[in-house]
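A structural walkthrough
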Amino acid sequence: MLVIDKAQKTFLQGMPNQRVALDSLSLTLAQGEFATMIGSNGAGKSTLFNAITGAFLLDSGRITVNGVDITWRPPHKRAFQIGYLFQDPMKGTAPHMTIVENLSLAYSRGRRSPLRPGVTKKDAAFFRTQLARFGMGLEDRLDAKVGLLSGGQRQALSLLMSTVAGPGLLLLDEHTAALDPVAAEKIMVLTKEIVQEQNLAAIMITHNIRQALAVGSRTIMLEDGRIALDISGEARKDMTPAALMQHYTPGTASKV
Amino acid sequence: MTLLMGSLHLGLIYGLMALGIYITFRILNTPDLTTDGSFTLGMAVSATLTVAGYPAYGILLGILAGALAGVITGLLQTKLKIHPILSGILTMSGLYTINLFILGDRSNVSLLGASHLFSWAAALLPNAAGRDITRLALTLLLACGCFAALVWFFHTHLGLCIRAVGDNDDMVRASSINVDAIRILAIALSNACVAFSGAVAAQYQGFADISSGVGMMVVGLASVIIGEMFFGRRSVTIGLLSAVCGSLLYRLIIALALKSDFFPAYALKLVSALIVTIALSLPAVRGWLQLARVKKEANQHAGN
Ligand SMILES: Nc1ncnc2c1ncn2[C@@H]1O[C@H](COP(=O)(O)OP(=O)(O)OP(=O)(O)O)[C@@H](O)[C@H]1O
Ligand SMILES: [Mg+2]
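Please read all numbers here as calculations on a predicted model, not as lab measurements.

**Observations concerning the overall build of chain A**
On a plain count of helices and strands, chain A comes out with 10 helices and 10 strands. Over its C-alpha atoms chain A spans a radius of gyration of 19 Å, differing by no more than 12% from the 18 Å that the globule rule assigns to 256 residues. If you line up chain A on its principal axes, its C-alpha atoms span 50 × 40 × 35 Å. Across the 256 residues in chain A, those meeting the buried criterion constitute 52%. Restricting the contact set of chain A to residue pairs at least 6 apart, pairs at least 24 apart contribute 68%. Element-wise, carbon and sulfur atoms account for 54% of the exposed surface of chain A, whose accessible area totals about 11,300 Å². Across chain A, the 28 positively charged side chains and the 22 negatively charged ones have centroids separated by 6 Å.

Written out as structure tokens, the structure reads:
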């Protein structure tokens, strides 16, 4: 599904504070595989996601999704196959537009004919059933402005928006970190459900070691723009949070 | 009566421009200074073609020319990454030359004796009162038509995309929509409305002047803001409606002020600038007042 081949990215190349954020990083993720990703601050986790979504172009290396080389594609074209969700609940939604308008745009994926109505009854009914399973009462508030929702509600909506069009690959960057424990738990449960149902390939960045081992089927640790650890199956089963902690190289944060 | 009639006409005609300003200023959330140039552009195209005997084409091509000017500003903003304000100023400056060229290197072109939309409308009914009515009906038709078309458009998928780009373009990009293309389209649409306004204005007042566009952006902003004072900021439909109504009110206020010798005609632009400044600074002023009150209360409590 996702193949990253020797991705290389140096920020501020040639400057005194230049920094190698991705160092010949290679990674392959199969369809339906759910990996968690850990690593110290500044390890390059978000940078890896930004490289995949197209926020910047790589210095060298290739990225392939579903057999299609997307290395040179602009971000909006990559978004057909990639859904992403960030820590900040504000990032994924348009606050002055209604829930149904936000969902309609996300669902259309730029494929709706331009002069057809932006919101249709049929879509609204579909969104209502999708929102109902969140158990947050959002299904009755389709015409509410998204800016009025709580962080948890907005993140739930963002989760639905990033997966409603069936992206194939889902990238989650600490997407529950800004939420209260109850909301975070709820979003986690929904995330797992959706990933399983749609058989998505997914990577979830987290700083919660326990979660990194419990969620999904594979745990990847990034350090200085390289994969420092990549475990699944038996090796992962045998790993304890305490043992995993040992792998964090102390002092990376102070180097930043 | 003539005062009211005149204000109605001007309010509706410049209401078209207010609609354009509303699109960039409120929906796209990026003020666009192309306006001053594209208003005159619409005027110049309309006047030149009217003199040549094609008033209807004058309006149509005027609109198209405005859209094209908007595309240029949009390209400067998105593809060349020039600051939005500067992009508008660059296009506006360039348009000054283009407009002079279209007017045949004259700063003023009169439509005296040429037939145009308003002379056609006036010819429909014989007496003076009837003429006033048909002329007003024409302006009303154009303004309502444009308003209705925009309301429809902003509820289509494309319209939704434009509104979302003004709100959170990251979200639009994540939805596989080309943000740059949408932005260019919105600026083109806005300037098409502005040029439409200029094109109709030329035929209504019977001349085109190279300096007609100066300060138009501020006039449009004033209209939008006056409208919002009455309607608030709610949906797009109400927003578009409030832009037109704001333009009507603005013209009425100005006409009354001029008639009562409250200020001379040449003070118009300064007054418009003041209206916009005051309206835009209201939130900040309210914030200061509130802060002052909170501080005072806190000091009182501390004193107790
Ligand atoms: N646009 C940029 N320009 C310059 N440097 C950048 C840029 N983006 C990231 N970096 C640098 O690249 C390094 C990796 O950053 P990144 O955000 O990927 O870390 P991370 O693993 O996501 O950390 P965290 O756990 O804190 O989120 C950091 O040193 C950061 O300062
Ligand atoms: Mg990060």
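**Concerning the sheet that holds strand β2 (residues 19-29) of chain A**
Residue and element names in this part refer to chain A. Read from one edge to the other, the open sheet built from 4 strands follows the order β2-β1-β4-β5, with strand pairing classed as antiparallel. In the strand order of this sheet, the two ends are held by β2 and β5 (68-69), each with one partner. As judged from the 2 bridges shared by strand β4 (residues 60-65) and β5, these two strands associate in the antiparallel manner. What sits directly across from T64, in β5, is D69. Set on the sheet, helix α1 (residues 45-53) makes contact with β1 (2-11), β2 and β4; between it and β2 the angle comes to about 65°.

**Examining a nonpolar patch on the surface**
Residues and elements named next belong to chain B. A cluster of nonpolar side chains, namely M229, F230, L270, L274, I278 and L282, defines an oily patch on the protein surface of about 640 Å² accessible area. With respect to the secondary-structure elements, L282 resides in helix α12 (residues 268-303). The partly exposed category is assigned to L282, whose relative accessible area is 35%.

**Looking at the packing of aromatic side chains**
Going through the model one piece at a time under the given rule, you end up with 10 aromatic pairs over all chains. With a centroid separation of 5.3 Å and an interplanar angle of 35°, the aromatic rings of Y107(A) and F126(A) are classed as tilted. One end of the pair, Y107(A), is in helix α3 (residues 99-108); the other, F126(A), is in helix α4 (residues 121-132), and 19 residues separate them in sequence. Members of the aromatic cluster, joined through ring pairs, are Y107(A), F126(A) and F127(A). Its end group placed over the ring of F86(A), K91(A) keeps NZ or CZ at 4.7 Å from the ring centre. Positioned over the ring face of Y14(B) is R251(B), at 4.1 Å from the centre of the ring.

**Thoughts on the interface of chain A and chain B**
Residue-level contacts link 31 residues of chain A with 21 residues of chain B. Note on chain A versus chain B: buried area summed over both sides is about 2,000 Å², and carbon and sulfur give 62% of it. When the buried surface of chain A facing chain B is broken down by residue, H76(A), L105(A) and L115(A) rank first, second and third, together holding 31% of it. Counting every contact that joins chain A to chain B gives 1 salt bridge. In this structure, R163(B) engages E101(A) in a salt bridge whose closest nitrogen and oxygen atoms are separated by 2.8 Å. Scanning the region where chain A abuts chain B turns up 12 residue pairs in polar contact (both at pLDDT 80 or more). Sorting the residues of the side of chain A that touches chain B by element identifies α2 (75-78) and α3 of chain A as the ones contributing at least two each. The element best represented in the side of chain A that touches chain B is α3(A), accounting for 6 residues. Classifying every residue of the side of chain A that touches chain B by side-chain character gives 15 nonpolar, 10 polar and 6 charged.

**As for the site of ligand 1**
Residues and elements named next belong to chain A. Near ligand 1, the surroundings consist of 13 residues, among which R19, N41, K45, S46 and T47 are the closest. One nitrogen or oxygen atom from the side chain of K45 is found 2.8 Å from an oxygen atom belonging to ligand 1. The contact in question runs from an oxygen atom of ligand 1 to an N or O atom on the side chain of H207, over 3.0 Å. Broken down by secondary-structure element, the contributors of at least two residues to the shell around ligand 1 are β2 and α1.

**Here we look at the pairing of strand β9 (residues 218-223) of chain A**
Residues and elements named next belong to chain A. Where burial is concerned, most of β9 is hidden: 6 out of the 6 residues are buried. Along β9, one buried face is formed by R218, I220 and L222 and the opposite face, lined by T219, M221 and E223, is buried too. Strand direction decides the pairing type here: strand β3 (residues 34-38) and β9, joined by 4 bridges, are parallel. When the sheet's bridge partners are listed, M37 is paired in β9 with I220. Relative to strand β10 (residues 226-232), β9 is paired through 6 bridges, and the arrangement is antiparallel. Bridge pairing links M221 to L229 in β10. Where β9 hands over to β10, the hairpin turn is made up of 2 residues, of which D224 adopts a positive phi near 50°.

Cut-off values and rules
Residues numbered from 1 in each chain as written. Chains lettered and ligands numbered in written order. Predicted model: local features only at pLDDT ≥ 70, side-chain atom pairs only at ≥ 80, totals over all residues. Heavy atoms only, no water. Helix = DSSP H or I, 4+ residues; strand = E, 2+ residues; numbered from the N terminus. Rg over C-alpha atoms; globule rule 2.2 N^0.38 Å. Buried < 20%, exposed > 50% of the residue type's maximum accessible area, 1.4 Å probe, protein only. Contact = heavy atoms within 4.5 Å. Areas by Shrake-Rupley, 256 points an atom, 1.4 Å probe, with all protein chains shown as cover. Lys, Arg positive; Asp, Glu negative; His and termini not counted. Charge placed at Lys NZ, Arg CZ, Asp CG, Glu CD. Pairing = 2+ DSSP bridges. Axes fitted to C-alpha atoms, helices over the stretch in contact; angles between N-to-C directions. Patch = residues over 30% accessible without salt bridge, like charges linked within 9 Å, V, L, I, M, F, W, Y side chains within 5 Å. Salt bridge = Lys/Arg side-chain N within 4 Å of Asp/Glu carboxyl O. Phe/Tyr/Trp six-rings, centres within 6.5 Å; stacked < 30°, edge-to-face > 60°. Lys NZ or Arg CZ within 6 Å of the ring centre and 35° of its normal. Buried area = accessible area lost by both parts, 1.4 Å probe. Polar contact = N/O pair within 3.5 Å; in protein donor to acceptor, adjacent residues only side chain to side chain. Nonpolar A, V, L, I, M, F, W, Y, C, P; charged D, E, K, R; others polar. Near = heavy atom within 4 Å.

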